[in-house]
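One-letter residues, chain by chain:
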Amino acid sequence: MPIVERQPTVRFSARNTEERVRILENIAATMPRSFSANRACGPLDEAEAEMEHKTIHFMRHGQGEHNVAQARWQSESRPGVPYSWPDNDPDMLYLDAVLSDKGVEEAAQAHAHLVSLEPQPQLLVCSTMRRATMTCLSAWQHLVGRVDLLAHEGCHEMGGKHTCDKRLDLDQLKHTFPQVDYSLVVSEEDPLWSTERESWDHLAQRALGFMKWLMDRPEKVIAVTCHGSFLITLFIVVLGFPASVEQAFHTAEIRSVHVLDSAAERARRVAILVGLFNRMDQDKNGRLCHDTG
């Protein structure tokens, strides 16, 4: 089955999305482009296939309990967010929020699509946060135990201040999800937790580092399950997609992209030019030898 776009089931409803897009557009203008990408709706063309590339299936987690709480909070016209610490969630009721019942259903529905998706991933990667891990284990269940499933802190949601975005301690995560390999996670506690929200600039740098890690992996097809703020940052700043609210992911939305390493692309073009110049020199020398022989 060729790569197709899966229609989202719940619309992404992040606050101030247009403002976030403007911030990310400004950040993107200051960062050098390391990668280029296009939405994957079929096989690569011949020129692209010759370049260093990967196919990556990006997925946002299903609806979380914190998403439900935020929608209710907004319907009551209350300021801020219900999971802000310490003002609105001093007891950390939304700590490392899990999927809602609807989110569990969304992940299961995604599996029905992903089981026949081509090309199938050779590696599964998920955020260290529970809602992303739960989504990954359900949506890609046919591959769990067959390919490596790595947790990676690099695709953690924007950290700090919001209790829903503070992950459990590492020992708790290992106990809860024994199917997941946490060998890349070095901190017992959430390293991104702070009384202040992580900045968009820091998130963009983290997304760039994560993308470089993905591109250095040996696998050619990878599935990544993570979060809304992280994904819109990755798509606009790192992958260079147009700065638009359309880059915001819905819950359980899947987007497949072909990612080209721009450095590899440049090196390939240089090699072509060097080869061309060498052939020109050889032809020139051959003609000189012929003329004087």
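Residues numbered from 1 in each chain as written. Predicted model: local features only at pLDDT ≥ 70, side-chain atom pairs only at ≥ 80, totals over all residues. Heavy atoms only, no water.

## Points about the environment of isoleucine 232
At step 1: Tracing the sequence through the fold places isoleucine 232 in helix α8 (residues 228–238).
At step 2: Owing to a relative accessible area of 4%, isoleucine 232 belongs among the buried residues under this scheme.
At step 3: Each C-alpha atom of the pair isoleucine 232 and alanine 243 lies 9.1 Å from the other, and the pair is 11 residues apart in sequence.
At step 4: Ignoring any residue separated from it by four or fewer positions in sequence, one finds isoleucine 232 in contact with Val21, Leu24, Gln247 and Ala248. (Helix = DSSP H or I, 4+ residues; strand = E, 2+ residues; numbered from the N terminus. Buried < 20%, exposed > 50% of the residue type's maximum accessible area, 1.4 Å probe, protein only. Contact = heavy atoms within 4.5 Å.)

## Focus: the side chain of glutamate 106
At step 1: Note on placement: glutamate 106 falls in helix α4 (residues 101–114).
At step 2: Buried charge without a partner: glutamate 106 forms no salt bridge, and the closest opposite charge is lysine 102, 5.5 Å away.
At step 3: One polar contact links glutamate 106 to threonine 251, side chain to side chain, over a distance of 3.1 Å. (Lys, Arg positive; Asp, Glu negative; His and termini not counted. Salt bridge = Lys/Arg side-chain N within 4 Å of Asp/Glu carboxyl O. Polar contact = N/O pair within 3.5 Å; in protein donor to acceptor, adjacent residues only side chain to side chain.)

## A short note on unusual backbone geometry
At step 1: Along the chain, tryptophan 85 connects to proline 86 via a cis peptide bond; the corresponding omega equals 0°.
At step 2: Among the secondary structure elements, proline 86 is positioned in the loop between α3 (65–75) and α4.
At step 3: Geometrically, the link from glutamate 118 to proline 119 is a cis peptide bond, its omega value of 0° lying close to zero.
At step 4: Here proline 119 lies in the loop between α4 and β3 (123–127).
At step 5: With a phi close to 45°, aspartate 96 is a non-glycine residue in the positive phi region.
At step 6: For aspartate 96, the position within the fold is in the loop between α3 and α4.
At step 7: In this structure aspartate 96 comes out as buried when scored by relative accessible area, which is 0%.

## A few points about the packing of aromatic side chains
At step 1: As enumerated under the stated definition, the model contains 7 aromatic pairs in all.
At step 2: Between the aromatic rings of tryptophan 85 and tryptophan 193, the centroid separation amounts to 6.0 Å while the plane-to-plane angle is 65°, which identifies the pairing as edge-to-face. Linking tryptophan 85 in the loop between α3 and α4 with tryptophan 193 in the loop between α6 (170–176) and α7 (200–216), this pair joins segments that are 108 residues apart in sequence.
At step 3: Using a relative accessible area of 24% as the deciding quantity, one classes tryptophan 85 as partly exposed.
At step 4: A centroid spacing of 5.7 Å and a plane angle of 80° characterise the contact between phenylalanine 210 and phenylalanine 230, whose relative ring orientation is edge-to-face. With phenylalanine 210 in helix α7 and phenylalanine 230 in helix α8, the pair connects residues that are 20 residues apart, well separated along the chain.
At step 5: Grouping aromatic residues by their ring pairs yields a cluster made of Phe58, Phe235, Phe241 and Phe249.
At step 6: Over the aromatic face of phenylalanine 235 sits the side chain of arginine 255, whose NZ or CZ is 5.6 Å from the ring centroid.
At step 7: Taking the ring centre of phenylalanine 249 as reference, the NZ or CZ of arginine 255 above it sits at 3.9 Å. (Phe/Tyr/Trp six-rings, centres within 6.5 Å; stacked < 30°, edge-to-face > 60°. Lys NZ or Arg CZ within 6 Å of the ring centre and 35° of its normal.)

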